[in-house]
Amino acid sequence: MFTWDDVQEEFEVDGSLRDIYVLNSTLDDWRRFAALVRSGRWAFQYSDGEPLPDPSEIFPWQEDSMPGLLSIFVGSSQLNVHFFCEKEIELDFDPADVSTADDLHAVLDFMHAVADTLGKPCILTPENCSEFVVFCVVPGLPQAQYRERRALLQRRRTSACSGARAARVRLSPLTPS
């Protein structure tokens, strides 16, 4: 079990964003993700108020026609989806938006909804480092798993972000309090 005091340093402003990923995604996963976003649980905006298109209209995109930005408002956080690639759902956010236990719970609740909807783990990592999992939410499990970023960064000194995936990181189950 972890407390806000245990994890607040994970959200210290350090000039980088934090990422949320669902790895090994498919077009069907993107469709279910879009349906979850449209469900009304959270406010969202896509490209200056345009309707959120079906993911099949977004992927594959061409360099000259980049997709719009989807912003999802979760608690005090703005989670941004840039639609980088079909094979992973990636959201980024400013760690300054998570400054209380309630802010963290809102983000973890969102991650639980995504994981349960897609039937796949949802992970939170330092920016652009999907192999360094700080929080992991597994579908159907009520507890988020937490691994201290300090330990992950020590590992990073010996191994650059190389595209290794969350399955390589050993996590211990913990719950927020």
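All values reported here derive from a predicted model rather than from experimental measurement. (Residues numbered from 1 in each chain as written. Predicted model: local features only at pLDDT ≥ 70, side-chain atom pairs only at ≥ 80, totals over all residues. Heavy atoms only, no water.)

A. Seen up close, helix H2 (residues 27-38). For H2, built from twelve residues, the straight-helix expectation of 16 Å at 1.5 Å per residue is met to within 8% by its first-to-last C-alpha distance of 16 Å. Listed as buried for H2 are Asp29, Trp30, Phe33, Ala34, Leu36 and Val37. Buried residues in H2, looked at end-on, bunch into an arc of 160°, giving them a common side. Taken together, the buried residues of H2 touch strand S2 (43-46), helix H3 (55-58), strand S3 (70-74), strand S4 (77-81), strand S5 (88-93) and helix H4 (101-118). Positive backbone phi, at 95°, marks glycine 40, one or two positions downstream of H2. (Helix = DSSP H or I, 4+ residues; strand = E, 2+ residues; numbered from the N terminus. Expected span 1.5 Å × (residues − 1). Buried < 20%, exposed > 50% of the residue type's maximum accessible area, 1.4 Å probe, protein only. Arc of directions from axis to C-beta. Contact = heavy atoms within 4.5 Å.)

B. Seen up close, the state of the cysteines. Taken as a whole, this structure holds zero disulfides when the rule is applied. Not part of a disulfide, cysteine 136 finds its nearest cysteine sulfur in cysteine 122, a span of 8.2 Å. (Disulfide = S-S within 2.5 Å.)

C. Molecular detail of the pattern of salt bridges. Applying the stated criterion across every chain, the model contains five salt bridges. The partner of arginine 32 in a salt bridge is aspartate 29, with the nearest N and O atoms 2.5 Å apart. Within this pair, arginine 32 and its partner aspartate 29 are both found in helix H2, separated by three residues, close to a single helical turn. Here aspartate 54 ties to arginine 31 by a salt bridge, and the two come within 3.3 Å at their closest N and O atoms. Separated by 23 residues along the polypeptide, aspartate 54 in the loop between S2 and H3 and arginine 31 in helix H2 bring together distant segments of the chain. What makes arginine 31 partly exposed here is its relative accessible area of 34%. Each of Asp28, Asp29, Arg32 and Lys120 takes part in a single network of salt bridges with overlapping partners. (Salt bridge = Lys/Arg side-chain N within 4 Å of Asp/Glu carboxyl O.)

D. Inspection of unusual backbone geometry at higher detail. Positive phi values are uncommon outside glycine, yet asparagine 24 reaches one of about 55°. Inspection of the secondary structure assignment puts asparagine 24 in the loop between strand S1 (18-23) and H2. The residue asparagine 128 is not glycine, and still its phi comes out positive at about 60°. A relative accessible area of 52% means that asparagine 128 is categorised as exposed.

E. H4, seen in detail. Taking 1.5 Å of rise per residue, 18 residues should cover 26 Å, and H4 covers 26 Å from first to last C-alpha, within 8% of that figure. Those residues of H4 lying buried are Asp103, Leu104, Ala106, Val107, Leu108, Phe110, Met111, His112, Ala113, Val114, Ala115 and Leu118. Positive phi appears at glycine 119, one or two residues downstream of H4, with a value of about 70°.

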